[in-house]
Each structure stands twice: as C-alpha cells, then as structure tokens.
Amino acid sequence: MIRPSAMKGGLEPGRKTMKVTFVGTTACTPEIGSEVASFMINDNILVDTGWYGVMKMREHGFDPGKLEYLILTHLHQDHYMGLPQIVFWKGIKQVDEKGKKSAPLTIIGPSQHLETIVNSVMTFLQVPRFHELAIDFKLVPLKPGESFKTEHFQLDTFASRHMSGVDRQEEALTCKYAEPASGKSFVFTGDTSYHPPIAEFAKNASVLIHDACHTQPKDVAAIGKMADAGKLYLIHCTNQNGPAALKDAQAIFPRSFLAREGEVIAI
Ligand SMILES: [Zn+2]
Ligand SMILES: [Zn+2]
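Residues numbered from 1 in each chain as written. Chains lettered and ligands numbered in written order. Predicted model: local features only at pLDDT ≥ 70, side-chain atom pairs only at ≥ 80, totals over all residues. Heavy atoms only, no water.

Before going further, it helps to examine helix α7 (residues 242-252). For α7, the set of buried residues is Gly-242, Ala-245, Leu-246 and Ala-249. What you see down the axis of α7 is that its buried residues fit within an arc of 100 degrees, all on one side. Turned more than 90 degrees from where α7 packs its buried face, Pro-243, Lys-247 and Ala-251 sit exposed. Buried residues along α7 sit against α6 (217-227), β14 (231-235) and β15 (256-258). (Buried < 20%, exposed > 50% of the residue type's maximum accessible area, 1.4 Å probe, protein only. Helix = DSSP H or I, 4+ residues; strand = E, 2+ residues; numbered from the N terminus. Arc of directions from axis to C-beta. Contact = heavy atoms within 4.5 Å.)

Shown next, in the form of structure tokens:
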C-alpha cells in the first residue's frame, strides 16, 4: 500500500499532532509481505530497521534520503539488519535528481555495541574502497537513563529487560519520545520481557507501544493498565498469534490494539 506522507519531518509551527507509521510489526523473522517491528515517527525518524528498512519506508511513502534520525532500541540483528541498505541508499543518492543533498544521519542506540555495529556496516559496504558511500553521519550512544535532545524532540530512555542467550542481559532501551513544542509524547519499549518498572516510566503516556513477543500479552496489558496509557499497541507478534494476543490483552486492558503494518496513528 502506497501512502503519501502528509507531514514533514521535525515539528512544524502550529502542528498539534505527531504521527507514527508502522512500517513493520512482526516477530524476529519476516513473514511473506510482513516486516519485522519497525516504525517511523513523522517523516524523518525511524525506530529500528527491521530486515528491509529502505524497501518498507519506500512502500509506505517515505524517502530514505530524508531520514535524519535512526533510533535503535537494542542491537539484536532483527532490529538493525536494514542498516546497510539505509547507508547504501543515502550513499549512492547523496545528491538526488533535483540536486538536493541527502540529510545527514544521526544514529542513536545502546552504548555497548553501537560503534562496533556501525563500523561493521561500513566495512561490509566496503566504504573505504567506495568513497561515495561515505555518508554524513554521527553516533549518539546512550546508556539506559540517558537522554538526547534536539530543537524538535527529546528522547528519554529507561532500561528494558531483555536477554541475549540465557545468561546475558542485553543493553536495551525503552524510550519516551517527546515534542516539547506540542506537549505530545509517547513511549515504546523495544524488546523487553515483563518489567513492571516500565509502567512507571510510561505513566500516563498517550500511547505505549510494547513488545508482545518477549512479554506475554496479558502482562503487556498489565503494564498498560498500571501506566494508565491512553492506548496500548502490541507489536512484534507473528501474524498468526497476533489476534489471540490482542484478545488476551483486551480482556485486561480494553484500550489495547494490535499494531498493523501501514497503520498511521496520530498522537
Ligand atoms: Zn526483536
Ligand atoms: Zn531483541
């Protein structure tokens, strides 16, 4: 489905809402026609890349050349595997047909492995041998609890509870994205198992987007209820288990919804 995006990046004067567009919603391997959990904030911020970031952005009406911020909630492969495509796209299209330069890219993500991953992407793309792919980018490594601020938005972070294997805690960020000029904000967890302190961090959020792959839907709903979220969106479910997950969640917290690919929510 092609959906022309109506709002430009950043915060336009007088704009009362921001929008989130789900460009992917499924669990860690994509299904035919369905991409892994990933979404756009307005037109210039991507949260996680899924497997096919560029393709999915284009399919839903976004120009990857205009992407200014990439927020990686954590560094598991299904959340950054689309990064080489994004860098390649911005590299070979540094100047578009109209002579317009591709926007510089700020990559925000967990501090422990961000630089390693981005360096490996550049090595994988052979940037030292193909200088034209050397895009203008900067890294913003964040530890849980740290914040990042621009003139348009503020990102506050909190530790999710997410494992790599059975015994290693992954550095993973639950994020609160706020646009101070409009007073609007929402919270997204990235991958996390059931972690009640997230409810406090997300208290009164107008929208909470919560992983329903590593947390049981009934527990996602419990978090939504404790946070008293305006709307709770379940994400990272398979297409097969999504409807049942939604039913379980709604039984506990009626303001639960299932994130659907291509859906645009106004906040
Ligand atoms: Zn995941
Ligand atoms: Zn993960």
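Read on for the rest.
Six octahedral donors around a metal ideally make angles of 90 or 180 degrees; four tetrahedral donors ideally make 109.5 degrees. In this structure, Asp-78 (OD), His-79 (NE2), Asp-191 (OD) and His-236 (NE2) serve as the protein donors to the zinc ion (ligand 1), at separations of 2.1 to 2.5 Å. Classification of the site at the zinc ion (ligand 1) rests on its four donor atoms, whose angles at the metal span 86 to 156 degrees, yielding the label irregular. Motif for the zinc ion (ligand 1), donor spacing along one chain: D-H-x111-D-x44-H. Between the two metals, the zinc ion (ligand 1) and the zinc ion (ligand 2), the spacing is 3.6 Å, and Asp-191 donates to both. Take Asp-78 and His-79: they sit in the same class, and that class is buried. (Donors = N, O, S within 2.8 Å, 3.2 Å for Na, K, Ca; no water. Tetrahedral: all angles 85-135°; square planar, octahedral: opposite > 155°, others 65-115°.)

Further remarks concern the pairing of strand β2 (residues 38-41). The alternating pattern of β2 places Ser-38 and Met-40 on one face and Phe-39 and Ile-41 on the opposite face, and all of these are buried. Sheet topology note: the strand β1 (residues 19-24)/β2 ladder contains four bridges and is antiparallel. Bridge pairing in β2 links Thr-21 to Met-40. Between β2 and strand β3 (residues 45-47), which follow one another and run antiparallel, lie three residues, and Asn-42 among them has a positive phi close to 50 degrees. (Pairing = 2+ DSSP bridges.)

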